[in-house]
Amino acid sequence: MNSLPRYWPILYILYKFKEIYGHFFIQKYIFLAKVEEGIPIKYGFLKNSYGPYTVEIKMDFLNLREQGLIDSYFSFGLNAWVLKIKRSGENWVDENINNIPQKWKDKMDKIINKYGNWSRRKLSDYVYEKHIKSLEQDQQFIDELKSDCSIFIEKTEPLLMSHNALLLQGSLDLIMRLLRKAHILEDPIKREQILQNIKYYLEEIGQTLAIIDGKETIITELNLNDLEEDFSLIEEIYEELEPEAAQR
Amino acid sequence: MTQDHDISSILFDANCIVYHCFHTKVRIKISHSKHINVDLKYPIFTDQIHEIVNYLCKCCVSIKTIEIVWNEIQKKGLAIIVNEFINSKDFPFNSKYIGNYEKLNIEKKLQTKLQELSNKPWFKIEPFIANQDRVDKVIAFYRSLLVIEKMIQHLKKRNRKDPEPSFEDINLLIFSKENKLPLLSNDNDFVLFQEEIEEKNICYRIIPLSEITDPSILTK
């Protein structure tokens with residue numbers, strides 16, 4: 001399973017369709033398979049004018065064409081690129097089909113059956129409404145949270161050093177790092193959950209800072225066990241996003 | 001160093017306890033994208049304190065501190081020392097990659113070490129609050145030192161006005177005196193004025209950590 005190359009979804013989709021008219025569709029099917037069905041696809045998507053897009057698919061596509069597994073040509077009649085799987089590409093899928101977990105294949109088939117006959121316009125509108133619009137709204141939300149976080153960081157800087165002060169400063173530092181990364185989360189549900197967790201945690205910090213309100217010395221005496229417990233949730237999210245930096 | 005009775009316990013100040021706990025594995029960022037696992041120790045003192053503790057355990061000498069000092073370490077001491085250490089020239093890595101989150105993580109790991117220490121059979125935390133008149137006496141003693149150059153320089157260096165140590169440290173001195181326990185310390189509030197403190201019988205005995213080259217000296 002781990003030995004599967006990241007380009008397997010390109011070949012699998014072309015194997016099912018035999019030919020597709022335009023890179024747009026390949027990009028969107030793979031994006032939807034990742035975000036709606038949760039298939040662990042290794043491509044990372046960014047928002048561009050055509051919706052979610054990754055240059056990695058394009059690069060893999062060119063490499064696969066060079067290897068002779070697929071082919072593409074521009075059809076003036078269709079006014080689109082025609083992407084086709086070649087015999088050697090089909091052989092690759094036949095040889096590797098058993099390495100692809102059955103549930104991934106089922107999920108990929110579900111995406112193909114659900115969106116496979118949609119027009120470009122319909123698919124484009126759907127992806128925007130369902131996934132990109134929320135991303136844009138979330139970006140606004142992220143910016144608001146970042147602004148709150150910056151204000152709190154400023155307020156906690158002059159606190160006298162103590163375990164509680166370090167808890168506030170350290171957790172705000174981590175939240176800011178998370179907010180800087182939040183936009184890369186493609187799964188809108190997960191993104192929403194993370195942002196809500198951060199919002200809740202920042203509210204708790206806001207309440208704590210209101211209690212301190214200039215009386216810096218009382219911070220040492222406050223019982224922040226609840227805050228500390230809630231912070232462990234934020235840390236879990238960070239560890240998932242940044243396993244390389246995971247401290248615990 | 002000679003003892004006027006068999007030593008069965010030694011009192012540790014906050015620094016000695018923190019140095020003992022300051023030994024933990026952490027993940028440190030060393031460049032823009034690289035992290036490594038390191039064994040983080042407080043230079044010199046962690047090894048020295050571990051050597052002393054091992055020796056004392058072998059000799060069945062228990063280690064004590066008082067509850068208010070212990071609580072202060074948990075609330076403030078560890079965070080202060082972690083922060084100072086990371087910003088000091090002794091920190092063996094580039095501190096620009098160490099944010100407040102990393103500091104918090106190091107401090108939390110040391111808190112765990114502190115809990116482990118409290119569970120050791122040879123380590124005891126004594127509940128103790130000195131009478132106010134005894135506290136006042138210690139404060140008066142330290143204020144009497146305000147005229148000596150050593151104290152003037154000490155306060156200047158620490159950017160402090162009051163010569164007396166913290167309430168917790170004053171209690172530690174009194175506990176040492178009342179229980180005839182030597183106090184192992186690396187705190188300049190104690191070690192710089194060792195001679196004056198012992199001469200005025202403010203504390204039973206101060207043992208400066210920096211002077212211990214061989215732990216066996218503690219029980220001779």
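Each chain carries its own residue numbering, running from 1 in the written order of its sequence. Chain A is the first chain written and ligand 1 is the first ligand written, with later ones labelled in order. Where local features are concerned, this predicted model is filtered to residues with pLDDT of at least 70; where side-chain atom pairs are given and counted, the filter is 80 or more; whole-chain, interface and lining totals use all residues.

Another point: the overall build of chain B. Going along the chain from the N terminus, every DSSP run of H or I of four or more residues is numbered as a helix, and every run of E of two or more is numbered as a strand. A count of helices and strands for chain B gives nine helices and seven strands. Here chain B has a C-alpha radius of gyration of 18 Å; the compact-globule value for 220 residues is 17 Å, and the two agree. Along the first, second and third principal axes, the C-alpha set of chain B runs to 55 × 40 × 30 Å. Any residue with 12 or fewer other C-beta atoms within 10 Å of its own C-beta is exposed, any with 20 or more is buried, and the rest are partly exposed; the C-beta atoms used are placed from the backbone. Out of the 220 residues in chain B, the part that is buried amounts to 34%. Considering only contacts within chain B whose residues lie at least 6 apart along the sequence, 71% involve residues at least 24 apart. Radius of gyration: over C-alpha atoms. The globule rule applied is 2.2 Å multiplied by the number of residues raised to the 0.38 power. Here the contact rule is simple: place C-beta atoms from the backbone, and any two residues whose C-beta atoms are within 7 Å are in contact.

All right, on to helix α7 (residues 163–181) of chain A then. An expected span of 1.5 Å times one less than the residue number is assigned to each helix. Counted at 1.5 Å a residue, the expected span for α7 of chain A with its 19 residues is 27 Å, and the 27 Å between its end C-alpha atoms agrees. With 15 of 19 residues buried, α7 of chain A is to be regarded as a mostly interior element.

What follows deals with the interface of chain A and chain B. Listed by partner, the interface residues are 14 residues for chain A and 18 residues for chain B. Three residue categories are used. Nonpolar comprises Ala, Val, Leu, Ile, Met, Phe, Trp, Tyr, Cys and Pro, charged comprises Asp, Glu, Lys and Arg, and polar comprises the others, including Gly. Of the residues contributing to the side of chain A that touches chain B, the split by class is six nonpolar, six polar and two charged.

Moving on, we get to the sheet that holds strand β5 (residues 80–85) of chain A. All names here are of chain A. Reading across the sheet, the three strands line up as β1-β5-β4 and stay open at both edges, with antiparallel pairing between neighbours. Sheet topology places β1 (19–21) and β4 (70–75) at the edges, where each strand pairs with a single neighbour. For this sheet, the mean angle separating the axes of adjacent strands, direction not counted, is 20°. Each of β1, β4 and β5 touches helix α1 (residues 8–17); the most contacted strand, β5, lies at about 95° to it. DSSP-based pairing: two strands are paired if at least 2 bridges between them are found. Every axis corresponds to a line fitted to the C-alpha atoms, with the helix fit spanning only the stretch in contact, and the corresponding angles, defined between N-to-C directions, vary from 0 to 180 degrees.

Attention now moves to the confidence of the model for chain B. Scored between 0 and 100, pLDDT is the confidence that the predictor attaches to each residue. Here chain B averages 91 in pLDDT, while 97% of its residues score no lower than 70. The complex prediction reports pTM at 0.72, with the ipTM value standing at 0.87.

Below, the discussion takes up the sheet that holds strand β5 (residues 123–126) of chain B. Neighbouring strands of a sheet are bound in pairs by backbone hydrogen bonds; such pairs are parallel or else antiparallel. Residues and elements named next belong to chain B. Read across the sheet, five strands follow the order β5-β4-β1-β6-β7 without closing on themselves; strand pairing throughout is parallel. Across the chains shown, the open sheet's two edge strands, defined by having one partner strand only, are β5 and β7 (205–208). Pairs of neighbouring strands in the sheet enclose a mean axial angle of 35°, with direction left out of account. In this structure, strand β4 (residues 62–66) lies alongside β5, joined through four bridges in parallel fashion. The residue of β5 that forms the bridge with Lys 64 is Lys 124. Lying on the sheet, helix α1 (residues 14–21) is in contact with β1 (9–12), β4 and β6 (182–185); it crosses β6 at an angle near 55°.

Residue and element names in this part refer to chain A. Running from N to C, α1 and helix α4 (residues 87–96) point in directions that differ by 110°, and their axes come no closer than 10 Å. For the element pair α1 / α4, the angle class is roughly perpendicular. Residues Trp 8, Leu 11, Tyr 12, Leu 14 and Tyr 15 of α1 lie in contact with α4, whose contacting residues are Gly 89, Glu 90, Trp 92, Val 93 and Asn 96. Here the contact of α1 with α4 is built from residues that sort into seven nonpolar, two polar and one charged. Working rule for angles: under 35 degrees goes down as roughly parallel, over 145 as roughly antiparallel, 65 to 115 as roughly perpendicular, anything else as oblique.

Despite not being glycine, Asn 79 of chain A has its phi angle at roughly 55°, a positive value. Position of Asn 79 of chain A relative to the elements: it lies in the loop between β4 and β5. Of the residues examined, Asn 79 of chain A has 9 C-beta atoms within 10 Å and is grouped as exposed. Positive phi outside glycine occurs at Asn 201 of chain B, with the angle close to 55°. Relative to the assigned elements, Asn 201 of chain B resides in the loop between α9 (194–199) and β7. Residue classification places Asn 201 of chain B among the exposed positions, given that 9 C-beta atoms sit within 10 Å.

Moving on to the environment of Glu 56 of chain A. Residues and elements named next belong to chain A. Inspection of the secondary structure puts Glu 56 in helix α3 (residues 55–66). On the basis of neighbour counts, which here come to 15 C-beta atoms within 10 Å, the residue Glu 56 falls in the partly exposed class. On a C-alpha basis, the gap between Glu 56 and Ser 119 in space is 24 Å, while along the polypeptide they are 63 residues apart.

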